[in-house]
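# Coordinates in review
Okay, here's what each chain looks like letter by letter:
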2 protein chains.
Amino acid sequence: MKLTDLETPALILDRSRLERNIVRMRDHLSRLGVVLRPHVKTAKAIDVLRLALAAQPGGITVSTLKEAEYFFTHGVRDMLYAVGIAPNKIAHVAALRGRGADVTIILDNVVSAQMVAEQGGAMGVEFPVLIEIDCDGHRSGIKPGDAMLIDIGRILYGGRGTRLRGVMTHAGDSYNCKSVDEIRAMAERERAAVVRCALDLKRAGLPCSVVSVGSTPTATYAENLDGVTEVRAGVYMFFDLVMAGLEVCTIDDIALSVLATVIGHQQEKNWIITDAGWMALSRDRGTAKQKVDQGYGVVCDIDGWPLTDLIVAEANQEHGIIADRNGGALDLKRFPVGSQLRILPNHACATAAAHAAYHVVDGGAEITAVWPRFSGW
Amino acid sequence: MKLTDLETPALILDRSRLERNIVRMRDHLSRLGVVLRPHVKTAKAIDVLRLALAAQPGGITVSTLKEAEYFFTHGVRDMLYAVGIAPNKIAHVAALRGRGADVTIILDNVVSAQMVAEQGGAMGVEFPVLIEIDCDGHRSGIKPGDAMLIDIGRILYGGRGTRLRGVMTHAGDSYNCKSVDEIRAMAERERAAVVRCALDLKRAGLPCSVVSVGSTPTATYAENLDGVTEVRAGVYMFFDLVMAGLEVCTIDDIALSVLATVIGHQQEKNWIITDAGWMALSRDRGTAKQKVDQGYGVVCDIDGWPLTDLIVAEANQEHGIIADRNGGALDLKRFPVGSQLRILPNHACATAAAHAAYHVVDGGAEITAVWPRFSGW
């Protein structure tokens with residue numbers, strides 16, 4: 001089967017780029033002496049994870065308990081659920097642990113620590129816990145130096161229902177960096193924040209065997225990870241236009257695209273209309289605040305070669321409007337009704353989430369595999 | 001089962017609001033003497049459609065062939081596939097027709113008309129076709145007065161593989177109106193455009209039994225639909241913040257919300273952190289260009305009552321950051337870890353698409369039904 005045989009829109013994954021991206025991150029972190037705990041929130045597919053886990057210890061990061069269920073079913077045991085635990089999810093985590101999944105949870109406040117310790121004690125379950133650290137003011141976590149760290153550490157260490165395993169942080173603000181130098185500095189800030197908290201715990205006589213950091217930008221540009229035991233990253237497998245805008249990858253590294261078919265034109269406006277709208281591309285406009293605004297995505301020919309200055313300028317639910325990024329004239333005859341194009345996404349996590357499968361190609365137009373994926377909770 | 005028993009995030013549908021919205025639109029269009037062909041692209045669920053089809057002839061509008069397949073399986077026969085047909089979908093439409101689904105397609109150019117006529121002729125299938133009209137410069141369609149209308153009409157009328165049924169348009173630009181008066185004017189412009197094209201076809205000796213318009217804003221504020229045979233609309237069933245911002249509904253009409261759980265706080269920043277991020281709410285920021293920017297959604301208590309000035313100010317994949325819309329101080333003790341909130345969405349179509357089911361309530365906190373829904377192609 002070839003790309004031209006697919007009903008569109010359809011999600012395309014270039015395996016050679018995927019493998020190259022995975023090897024590059026693995027080699028980089030290996031040089032820095034840390035292991036990778038791949039984040040599965042981007043790919044949500046066992047076939048992708050198998051490639052990402054090659055030559056790694058086998059632990060993964062999940063963003064939902066549905067991911068934990070799915071990957072446990074596919075043989076993964078060691079999982080970090082990297083969203084602050086909510087009371088209504090404790091029973092589910094306990095059930096997973098009861099079936100043999102080694103799920104570690106995270107939290108960043110005394111109330112959650114007490115709740116987990118109490119529920120774990122009552123259920124006879126010992127939940128491994130990392131304390132979440134805020135290294136950049138981006139969202140959750142305890143600031144380095146906040147005495148609450150030790151309070152939480154003592155609750156988790158003393159509780160019958162909890163086992164304190166360490167600390168973790170996520171430099172989400174790295175997505176807003178303006179230069180590679182800023183990302184490098186952010187990587188060091190991420191490392192320093194969590195290593196300092198690990199030291200604070202140890203000085204208070206508390207255990208801290210796990211020191212976990214992660215974001216694709218900081219993982220890519222980290223130069224020193226002393227004191228860190230593992231790195232979490234997910235989007236590095238596919239990359240996307242936001243990552244290219246950050247200089248974390250090049251456009252040629254982006255392994256994910258959406259196949260679209262031309263369904264019409266608006267001659268006067270120099271518009272090409274396709275059947276890939278925001279439902280297929282996602283509403284993510286992450287490049288809007290970057291140096292180059294890529295609209296709803298960069299347009300490539302069916303072989304994946306970018307077409308200079310063509311972007312998806314607007315999107316409706318099932319319609320994409322392709323135009324020159326500067327509003328210039330287009331030779332619409334080059335894009336007749338029925339011709340196919342591939343759109344590189346702003347944000348791989350959001351775009352992939354709309355689709356039920358990856359159509360895998362290996363540079364060419366032949367579909368070599370179809371890899372199922374899932375979404376939701 | 002109660003809302004508090006759900007693992008979050010979860011999609012909640014208020015049945016009493018849904019029914020009220022459906023009845024209001026039905027009565028309004030009935031007064032104007034036209035039938036409703038509900039657009040299923042928002043709900044994508046047979047349980048919702050059954051309510052929407054009460055006292056209607058039974059025809060629906062679909063935005064994907066997956067919707068056509070699903071609703072045909074559930075007994076719907078009369079379907080308008082309202083996205084310009086692509087060559088790679090013709091065989092699928094033919095297969096649906098072969099199984100008894102009366103699928104009508106649309107197109108807006110000579111190449112597509114010839115292609116459908118030829119393929120239909122070769123397959124021995126007669127495809128019913130509407131010609132798409134551009135009433136507002138929003139995306140696809142032929143401008144009223146363009147001679148191409150008659151060229152296409154003749155191809156469809158003369159082709160063995162096609163049956164010219166009429167014209168259709170969608171006033172998508174109504175989403176950008178700045179006042180109710182503008183929406184009223186847009187509704188008249190939508191009507192006039194398509195009625196004029198119907199007349200042009202008839203004057204040229206071509207048939208035009210269907211004259212179809214549709215968008216929730218114009219359907220809501222249309223005062224005269226003379227010459228129109230049917231109205232298409234979808235989001236009116238649920239409504240959302242974009243529609244409220246357009247004064248097409250009130251906040252109290254919004255039937256859809258996302259249940260979220262508080263997982264932490266950032267005291268200094270007056271942030272409440274929840275487990276409903278953009279994956280659950282969607283990346284849609286449709287209110288950003290309206291008079292009131294609602295962030296990623298308006299926050300309500302678990303009973304659905306809006307909490308003054310609380311919005312989802314930022315969203316990560318599985319984290320929502322709730323803050324006062326003006327950056328004011330919050331009494332975070334009112335929202336302890338584990339407490340639950342409901343978020344009204346910017347755009348119902350995008351938010352619903354992330355979820356596999358509606359948890360139906362009837363004003364209260366009791367879940368009276370779980371209605372499955374689908375996404376994708």
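Just above, that's the structure.
Structural notes, computed from the coordinates. All values derive from a computational prediction rather than experimental measurement.

Cut-offs and rules
Residues numbered from 1 in each chain as written. Chains lettered and ligands numbered in written order. Predicted model: local features only at pLDDT ≥ 70, side-chain atom pairs only at ≥ 80, totals over all residues. Heavy atoms only, no water. Core = buried A, V, L, I, M, F, W, Y, C linked by side-chain atoms within 4.5 Å. Buried < 20%, exposed > 50% of the residue type's maximum accessible area, 1.4 Å probe, protein only. Contact = heavy atoms within 4.5 Å. Least-squares fit on C-alpha atoms with pLDDT ≥ 70 in both. Buried area = accessible area lost by both parts, 1.4 Å probe. Salt bridge = Lys/Arg side-chain N within 4 Å of Asp/Glu carboxyl O. Polar contact = N/O pair within 3.5 Å; in protein donor to acceptor, adjacent residues only side chain to side chain. Helix = DSSP H or I, 4+ residues; strand = E, 2+ residues; numbered from the N terminus. Lys, Arg positive; Asp, Glu negative; His and termini not counted. Phe/Tyr/Trp six-rings, centres within 6.5 Å; stacked < 30°, edge-to-face > 60°. Pairing = 2+ DSSP bridges. Axes fitted to C-alpha atoms, helices over the stretch in contact; angles between N-to-C directions.

Turning our eyes to something else, we now look at the nonpolar core. Residues V167(A), Y358(A), V167(B) and Y358(B) are the most contacted members of the largest nonpolar core, which totals 260 residues. For V167(B), the contacting residues outside a window of four places in its chain are L130(B), I131(B), I133(B), L149(B), V194(B), C197(B), A198(B), L201(B), C208(B), V210(B), V211(B) and S212(B).

Another aspect to go through is the relation of the copies chain B and chain A. Once chain B is rotated about the relating axis by 180 degrees and shifted along it by 0.0 Å, it coincides with chain A to within an RMSD of 0.0 Å. In symmetry terms, the pair is related by a two-fold rotation axis. Within chain B, the C-alpha atom positioned nearest to the axis of rotation is that of R283(B), 2.5 Å from it. By residue overlap, the copies meet face to face through one surface: 100% of the interface positions of chain B are interface positions in chain A.

Let us look at the interface of chain B and chain A. Taken together, the contacts link 59 residues of chain B with 59 residues of chain A. Interface of chain B and chain A: buried area, both sides summed, is about 4,700 Å²; carbon and sulfur atoms make up 52% of it. Here chain B and chain A share four salt bridges between them. The closest approach of N and O atoms between D284(A) and R283(B), which form a salt bridge, is 2.8 Å. Connecting chain B to chain A are 33 residue pairs in polar contact (both at pLDDT 80 or more). When residues of the side of chain B that touches chain A are traced back to their parent elements, those giving at least two are helix 5 (110–123), strand 10 (256–266), strand 11 (271–274), helix 10 (278–281) and helix 11 (348–352) of chain B.

A word on the side chain of R139(A). As for its placement among the helices and strands, R139(A) is situated in the loop between strand 6 (127–133) and helix 6 (148–158). Among buried charged residues, R139(A) stands out as having no salt bridge; its nearest opposite-charge side chain is E132(A), 4.5 Å away. Side chain to side chain, R139(A) and N316(B) meet in a polar contact 2.8 Å long. For R139(A), the residues in contact, after removing those within four places along its chain, are H170(A), Q266(B), W271(B), I273(B), N316(B), H319(B) and I321(B).

Let us look at the packing of aromatic side chains. Residues and elements named next belong to chain B. For the structure shown, the criterion picks out eight aromatic pairs over all chains. On the numbers, 4.7 Å between centres and 85 degrees between planes, the contact of Y70 with F71 is edge-to-face. With respect to class, Y70 is no different from F71; both count as buried. For the pair Y70 and F374, a centre-to-centre distance of 4.4 Å together with 40 degrees between the ring planes defines the contact as tilted.

Residue and element names in this part refer to chain B. A sheet is described by the order of its strands in space; here eight strands give the open sequence 2-9-8-7-6-5-4-3, paired in parallel fashion. With partners counted over all chains shown, the strands left at the sheet margins are strand 2 (35–38) and strand 3 (60–62), one partner each. Strand-to-strand, the axes of this sheet are offset by a mean angle of 30 degrees, without reference to chain direction. Where strand 6 (residues 127–133) and strand 7 (residues 162–169) come together, seven bridges link them in parallel fashion. Within strand 7, the residue paired with V129 across the bridge is L164. This element, helix 5, spans strand 5 (102–107), strand 6 and strand 7 of the sheet and lies at about 150 degrees to strand 5.

What follows deals with the pairing of strand 15 (residues 340–344) of chain A. For strand 15 of chain A, the buried fraction is high: five of the five residues fall into the buried class. Judged by which residues are buried, strand 15 of chain A turns out to be covered on both faces: Q340(A), R342(A) and L344(A) on one side and L341(A) and I343(A) on the other are all buried.

Residue and element names in this part refer to chain A. The sheet built from eight strands is open, its strands ordered 2-9-8-7-6-5-4-3 with parallel pairing. Two strands bound the open sheet, and with one partner strand each, they are strand 2 (35–38) and strand 3 (60–62). For this sheet the average axis-to-axis angle between neighbouring strands, irrespective of direction, equals 30 degrees. Where strand 5 (residues 102–107) lies against strand 6, three bridges are found, and the strand directions are parallel. If you follow L107 over to strand 6, its bridge partner there is I131. Strand contacts of helix 4 (residues 90–98): strand 5, strand 6 and strand 7 (162–169), with the helix running at about 155 degrees to strand 5, the strand carrying the most contacts. Relative to strand 7, helix 7 (residues 180–203) is tilted by about 155 degrees, and along the sheet it contacts strand 6, strand 7 and strand 8 (210–213).

So, to be careful, I would describe these as geometric facts and stop short of saying anything about function.
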